[in-house]
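Fold and geometry: a report
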Amino acid sequence: MRKALILLVAAMGLASAQVSLENLRPSLAAVGGTQGFGVEVSWYCLLFQPPVGEVRPALDLAYTLGGSLNGAFLFRYLYPVAEGLKAGAGLGVAVPGFNFGNLAFYFRADAEYDLASVLKAPVFLGGDLGLAGGKLAAQMKVGFRF
């Protein structure tokens with residue numbers, strides 16, 4: 001029952017996003033944290049913008065040097081804290097080991113700093129602290145937005 005509910009939430013989220021390809025924003029980041037070091041590929045788009053902040057559906061795929069592949073789909077709310085700095089939280093579904101039999105609810109608090117104004121390139125620095133299926137994960141990342 002729990003897995004069916006998780007799949008239903010993920011399907012409803014994907015259906016509600018109704019994203020066109022030109023609105024997708026991919027990024028590539030080097031990550032390091034509790035799950036090891038590796039790379040993360042992420043896609044997000046702006047779903048809607050409340051009076052302050054923004055809501056983004058995001059799809060994250062991470063590969064660690066230890067050989068594990070993890071995925072997540074979540075809705076993130078980001079709040080502008082200062083110029084270039086956003087902080088927020090997300091709720092969604094995690095796929096540890098990219099095994100769909102291990103679906104778990106995923107909560108993540110994160111912050112990201114846009115270095116574009118300093119480096120004149122679409123580079124960002126970020127940090128995540130999450131809980132997926134009762135397992136705590138934290139990571140730092142530096143990446144490039146396309």
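Thresholds, definitions, all that
Residues numbered from 1 in each chain as written. Predicted model: local features only at pLDDT ≥ 70, side-chain atom pairs only at ≥ 80, totals over all residues. Heavy atoms only, no water. 1 Å grid on protein atoms, 1.4 Å probe; cavity = no way out; pocket = protein on both sides within 12 Å on 5 of 7 lines; lining within 4 Å. Points joined across faces, edges and corners; volume = space filled by probe spheres on them. Nonpolar A, V, L, I, M, F, W, Y, C, P; charged D, E, K, R; others polar. Helix = DSSP H or I, 4+ residues; strand = E, 2+ residues; numbered from the N terminus. Pairing = 2+ DSSP bridges. Axes fitted to C-alpha atoms, helices over the stretch in contact; angles between N-to-C directions. Salt bridge = Lys/Arg side-chain N within 4 Å of Asp/Glu carboxyl O.

Some details on the layout of surface pockets
The method is simple in principle: a probe with the dimensions of a water molecule rolls over the atoms, and the space it marks as empty is what remains. In this structure, the largest pocket encloses a volume near 480 Å³. Around the largest pocket sit 29 residues that line it, and Gln35, Asn70, Tyr106, Ala137 and Gln139 are the ones nearest its centre. A class-by-class count of the residues in the lining of the largest pocket yields 13 nonpolar, 11 polar and 5 charged.

Concerning unusual backbone geometry
In this structure, Lys120 is a non-glycine residue whose phi angle is positive, near 60°. Locating Lys120 in the fold gives a position in the loop between helix H2 (116-119) and strand E7 (123-132).

Examining the sheet that holds strand E2 (residues 36-44)
Strand-to-strand pairing in sheets goes through backbone hydrogen bonds, with the strands running parallel or antiparallel. On the basis of which strands lie adjacent, the closed barrel formed by 8 strands has the order E1-E2-E3-E4-E5-E6-E7-E8 and antiparallel pairing. Taken over all neighbouring pairs, the strand axes of this sheet differ in orientation by 30° on average, direction set aside. Pairing analysis gives 9 bridges linking strand E1 (residues 25-33) to E2, with the strands arranged antiparallel. Bridge pairing links Ala29 to Glu40 in E2.

Looking at the pattern of salt bridges
Applying the stated criterion across every chain yields a total of 11 salt bridges. Its salt-bridge partner being Asp110, residue Arg76 comes within 2.6 Å of it at the nearest N-O pair. Separated by 34 residues along the polypeptide, Arg76 in strand E4 (residues 69-82) and Asp110 in strand E6 (residues 104-114) bring together distant segments of the chain. For Arg108, the salt bridge identified is with Asp110, shortest N-O distance 3.6 Å. One salt-bridge network, held together by shared partners, links Glu40, Glu54, Arg56, Asp60, Arg76, Lys86, Arg108, Asp110, Glu112, Asp128, Lys141 and Arg145.

All we've got here are geometric facts, nothing functional implied.
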